[in-house]
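The chain contents come next:
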Amino acid sequence: MAKKTVRDIDLKGRRVLMRVDFNVPMMDGEITDENRIVAALPTIEYILKAGGRLILLSHLGRVKTEEDKLKNTLAPVAQRLSTHLGQDVVFVPETRGKAVETAVQALNDGDVMMIENTRHEDLKGKKESGNDPELGAYWASLGDVFVNDAFGTAHRAHASNVGIANNMKEVVAGFLLEKEIKFIGDTIENPERPLVAVLGGAKVSDKINVIKKLLDVADYVIITGAMAYTFYLAQGHEVGTSLVEADKLDLAHELLALGKDKLVLGQDVVTAKDFDKDSERNIRDKSAIPSDEMGMDVGPKTLENYFKYVEKAKTVIWNGPLGVFEFPRFAEGTKGFAQKLADLNESVTTIIGGGDSAAAVIQFGLADQFAHISTGGGASLEYLEGKVLPGIACVHDK
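These figures come from a predicted structure and were not determined experimentally. (Residues numbered from 1 in each chain as written. Predicted model: local features only at pLDDT ≥ 70, side-chain atom pairs only at ≥ 80, totals over all residues. Heavy atoms only, no water.)

Caption draft 1: Expanded view of the packing of helix α1 (residues 35–49) against helix α3 (residues 75–85). The geometry of α1 relative to α3 is characterised by a closest axis approach of 11 Å and an angle of 60 degrees between their N-to-C directions. On the basis of the axis angle, α1 is oblique to α3. Judged by the twist between their axes, the crossing of α1 over α3 is right-handed. When α1 is examined against α3, the residues I37, V38, L41, I44, E45 and L48 are found in contact with a partner set consisting of V77, R80, L81, H84 and L85. Considered class by class, the residues forming the contact of α1 with α3 number eight nonpolar, one polar and two charged. (Axes fitted to C-alpha atoms, helices over the stretch in contact; angles between N-to-C directions. Helix = DSSP H or I, 4+ residues; strand = E, 2+ residues; numbered from the N terminus. Parallel < 35°, antiparallel > 145°, perpendicular 65-115°, else oblique. Left-handed = near helix turned anticlockwise from the far one by under 90°. Contact = heavy atoms within 4.5 Å. Nonpolar A, V, L, I, M, F, W, Y, C, P; charged D, E, K, R; others polar.)

Caption draft 2: Broad picture of the pattern of salt bridges. This model, assessed by the stated rule, comprises 21 salt bridges. Measuring nitrogen to oxygen at the nearest pair gives 3.4 Å for the salt bridge that ties K12 to D109. One end of the pair, K12, is in the segment before β1 (15–19); the other, D109, is in the loop between α4 (98–105) and β6 (112–115), with 97 residues separating them in the sequence. The partner of R281 in a salt bridge is E332, with the nearest N and O atoms 3.1 Å apart. With R281 in the loop between β12 (268–272) and β13 (282–285) and E332 in helix α12 (residues 332–343), this pair connects stretches of sequence that are 51 residues apart. A relative accessible area of 28% means that R281 is categorised as partly exposed. When its relative accessible area of 48% is taken as the criterion, E332 is described as partly exposed. A cluster of three or more residues bridged by salt bridges with shared partners is formed by K12, R53 and D109. (Salt bridge = Lys/Arg side-chain N within 4 Å of Asp/Glu carboxyl O. Buried < 20%, exposed > 50% of the residue type's maximum accessible area, 1.4 Å probe, protein only.)

Caption draft 3: Layout of the sheet that holds strand β4 (residues 53–57). On the basis of which strands lie adjacent, the open sheet formed by six strands has the order β5-β6-β4-β1-β7-β8 and parallel pairing. Only two strands of the sheet have a single neighbouring strand rather than two, namely β5 (90–92) and β8 (171–173). Adjacent strand axes in the sheet meet at a mean angle of 25 degrees, parallel and antiparallel pairs treated alike. Alignment of β1 against strand β7 (residues 145–148), held across four bridges, turns out to be parallel. Its bridge partner lying in β7, R19 is registered against N148. (Pairing = 2+ DSSP bridges.)

Caption draft 4: Quick look at unusual backbone geometry. In the segment running from R193 into P194, the intervening peptide bond is cis, with an omega of 0 degrees. With phi around 55 degrees, D28 is a residue other than glycine that occupies positive phi space. Here D28 is to be found in the loop between β2 (26–27) and β3 (30–31). Unlike most non-glycine residues, N131 shows phi in positive territory, near 55 degrees.

Following this line, the structure appears as structure tokens:
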């Protein structure tokens, strides 16, 4: 069933609580990647233009110590958001109490404020991440309506999403959450075919349920990246010092049998003797990996074979890099595949499933070439599995 969105409610003069995902990477107090802030702008700007009085909540990192609390402050995020909006964002360095309540009462139509990192509430017991009922009710008391636009935390029931929603009469999705539901949820339920799923990354164990789900839903499932070596080992190939999960060989055999007509693996690999950006690059057949070398990227034959599958596709879901793209010498597979999908963007709907694959296409300057880049890592994987996500389930149906 379709979910209500911010378009479906009256906003003028109302206190609008909005959960965003501003869990951005920081270094020495400076934001190093603002994509999550930029992704939330359409919903924020819509609310402000409609005359809402906006109160933003987000987490940032984990807070287990006083040092974490000092380090993981949203103050720089509020400052950066203020620059994007061209107006002041009132920042309250507290998560509740008199200062928060006074700032809320002072809001006029079209104003925006942000409270401190919601995970500061986890310092003395997991009140935020444990969905403490009292905390959820308190935050809900600050607003008239609740907009959830934080897909990155949609797979978790926290006080700042589900807890607030449980105490509100109007709970709607922002534009970002709406987009995630459309591109991931609807694709899993009713894809335009052929659907090709491409799964990379390090561990089979992280993606067991996703692989099984996509073998059921997709026309072809390409297994790539580091986790392919566990499958190569299960096929009887020597993989040298490549990253493998030896305890998952039985599972790999099971998946190979389950996906015998759908599962696509590589033919050749790029290897190196050391996990190092300057290590010598070798191209090997997957059946001829020396005992002292490890897989670092897909080989050219493998990449060409992948191209044949995506050229025939109408929908491609891609989650996880093809190799160690952080090292330029071993980024050719991931970059070449990303470029191929970008070149096909008129004929193929490509969904980038968050995490490292999203980081890769952004790094390569191709982000605007895809139908959708998910803002969730773990949330994307669980949604691809077909799971009901608490942060989506709590949004009211149309």
